[in-house]
Amino acid sequence: MNKVVFIFVCIVFHHFCYAQVDYSEDWGRYNRKHISNESSIIDVTKQIIYKKNLASLLKGTYPGFSPEKEIIPLYGLLGDSFNKIEFVFTEVKKSKNDHSLYRVKGKTKCNGSINDFKGEITFKKVIANTSNVPVEVALIGTYKLIENSRGKDSGAYMGQLKMILFTNNIYADDVSFDMDATYEDGAVRGFVGVKKNYKENSSQSCIWGFRRFPYKYAKHFDIGDGEEVINLKYAKPWFNFSKKKWDSIVNEKDRNFYLHTSYKDKGIHTSNEKYIKPENVSWYKLNSIELENRIIKTLNLSTNKIEVKLQKELSNNETLIILGEVEGAIFDTDDYRLTSHIVIVNSVTGNIKNYFSENSKGNGWISNAEFIDDIRIDTKRYELSVGILTFGIITSFRTSSQSNPYRSNYLSLYTKEGNKLKKVLDNIVLDEYSGEATVNKNACYSNIKTKKNELVVRKSVTNGYHDILIEKRQCNLISEINSEGDCNQVEKECEKKTFILRYNTLEYKQR
């Protein structure tokens, strides 16, 4: 009787029940409607699943969208209100024992809640249509993603996945996404299933992936033909429009691109680039503490020996991390030496992309009578070579002596070339202040030497790197009593020199 009542309610209130249906089994079937010759359909499961590593196809890099291949979220629909949900895979690893199994980690975002998840993806079957070249390939499998139960509105996502690919040779490693796919509603990478909520003990239908969402599972959401048109009732969370812009669209003042009217509903055109363009603030990136802990663990360092911790966010989801590790035993003293660990890391996954390390003999990070006052990342932009990232590290030293004052700043420059990270300029003096001074209030005496070097990147190039002009200025600071009886330091015997540093394929040297 209860089942009959439920069916009756679903018929009468179709929209209420519609989105909660699990369509994953239907989605997991290969759509052959567009195939004219059944004999051209072959099973290539062994050739694809067992002989290829498909991890890169699962990660959140949108094919054909971003020149930098930015990692940006997969988007989807959740529940009967088609709430916007986003997924990012931060880690995908193929099982060593089971070729069809991939273990994954990542993050989800829905209604402002961000949750970590881990789970498994299993590839079941790969079907190829050999009637055309390149060969169309449909990769079919299942997924189960378990969110952290402590997270807000957390649960488990499960269902079927399907990816439409193409390849020139099913035996080669050139499998790519079929960006021109028009069948399967253009769902090049599609996940269909349900989310089972922990606290409410309920489930919601879930459709997510890259490109369009299968129309037959989201009829109320997508009301257009060709490119996707989001029903105006559900569109607001999908765009970062200002209130003024939104009102202009809703009131049909801005129809040129955005507004579309069907026979029963109004909607907003998406077009891929405007639709999936990432926000400036990436919610899925690891925070600074997470990144730092990930690097310390990866490099097998001891947390209590890390004396220096620096970070700077770079472009393309990369972060520069610099750690200073105490050498030898840890003592409660100002006399110590530091090994530097310089890392460029993927801000989403925490994986190390570039690494460079030096002990104190190489980096000069030695703190004793002239102790390390500060170590910092230089924010000045150095364009030493086209397309090559360059950054600097400044190390500051000083003494605590008033009668023999000393202060200095040294600069080292590093470059990133592909997977390599190297030091190209080693501890050049930026400025230095040293000498003698009288601390007696009744005396006026000081004899201080100052040095200052300005670096100017020149247009001339040697071995692929621009030459660096050093403008050196050196003075003596002498204390004198002025006409008003005050003791002031006056610059004397200043001299200026210039010299050129050129790159010798290993580092910059003076010639």
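Right above here is the structure, for reference.
Please read all numbers here as calculations on a predicted model, not as lab measurements.

A.B. asks: I'm lost on the layout of surface pockets in this one. Help?
C.D. replies: Take a probe with the size of a water molecule and roll it over the atoms, and the empty space left behind shows itself. Empty space within the second largest pocket amounts to approximately 510 Å³. As for the second largest pocket, its lining consists of 22 residues, and the residues nearest its centre are T90, E91, K105, L286 and R294. Among the secondary structure elements, those contributing two or more residues to the lining of the second largest pocket are β3 (83–94), β4 (101–110), β5 (113–129), β6 (135–147) and α9 (288–298). Looking at the lining of the second largest pocket element by element, the count peaks at four residues for α9. In the lining of the second largest pocket, the residues fall into five nonpolar, seven polar and ten charged.

A.B. asks: I would appreciate a short explanation of the side chain of S113 in the present structure.
C.D. replies: Considering the arrangement of structural elements, one finds S113 in strand β5. By relative accessible area, S113 is classed as buried at 10%. The contact partners of S113, leaving out residues within four places of it in the chain, are T108, K152 and D153.

A.B. asks: Help me understand the sheet that holds strand β11 (residues 229–231), please; the structure alone is not making it clear to me.
C.D. replies: Pairing is antiparallel across the open sheet formed by three strands, whose spatial order is β11-β13-β12. Looking at the sheet topology across the chains shown, the edges are occupied by β11 and β12 (259–261). For this sheet the average axis-to-axis angle between neighbouring strands, irrespective of direction, equals 40°. Looking at chain direction, β12 and strand β13 (residues 266–269) are connected through three bridges and run antiparallel. The residue of β13 that forms the bridge with L259 is I268.

A.B. asks: What's the story with helix α7 (residues 243–250) in this structure? I'm lost.
C.D. replies: Because an α-helix packs 3.6 residues into every turn, residues spaced three or four apart end up facing the same way. Regarding α7, the residues found buried are W246, S248 and I249. Projected down its long axis, α7 carries its buried residues within an arc of 160°, all on one side. Projecting away from the buried face of α7 at angles above 90 degrees are the exposed residues K243 and K244. Contacts from the buried residues of α7 go to α6 (232–235), β12 and β13. Of the residues trailing α7, E252 is marked for its positive phi of about 65°.

A.B. asks: How do you make sense of the state of the cysteines when you look at a structure like this?
C.D. replies: Linking two cysteines covalently through their sulfur atoms gives a disulfide. Following the criterion strictly, the structure yields two disulfides and no others. Bridging C444 to C487, the disulfide has an S-S length of 1.9 Å. Every disulfide takes its handedness from the sign of the S-S torsion; for C444 and C487 that torsion is 85°, giving right-handed. Here the residue C444 occupies a position in the loop between β22 (420–437) and β23 (446–462), and C487 occupies one in strand β25 (residues 487–503), the gap between them amounting to 43 residues. The exposure class assigned to C487 is partly exposed, which follows from its relative accessible area of 42%.

What counts, and at which threshold
Residues numbered from 1 in each chain as written. Predicted model: local features only at pLDDT ≥ 70, side-chain atom pairs only at ≥ 80, totals over all residues. Heavy atoms only, no water. 1 Å grid on protein atoms, 1.4 Å probe; cavity = no way out; pocket = protein on both sides within 12 Å on 5 of 7 lines; lining within 4 Å. Points joined across faces, edges and corners; volume = space filled by probe spheres on them. Helix = DSSP H or I, 4+ residues; strand = E, 2+ residues; numbered from the N terminus. Nonpolar A, V, L, I, M, F, W, Y, C, P; charged D, E, K, R; others polar. Buried < 20%, exposed > 50% of the residue type's maximum accessible area, 1.4 Å probe, protein only. Contact = heavy atoms within 4.5 Å. Pairing = 2+ DSSP bridges. Axes fitted to C-alpha atoms, helices over the stretch in contact; angles between N-to-C directions. Arc of directions from axis to C-beta. Disulfide = S-S within 2.5 Å.

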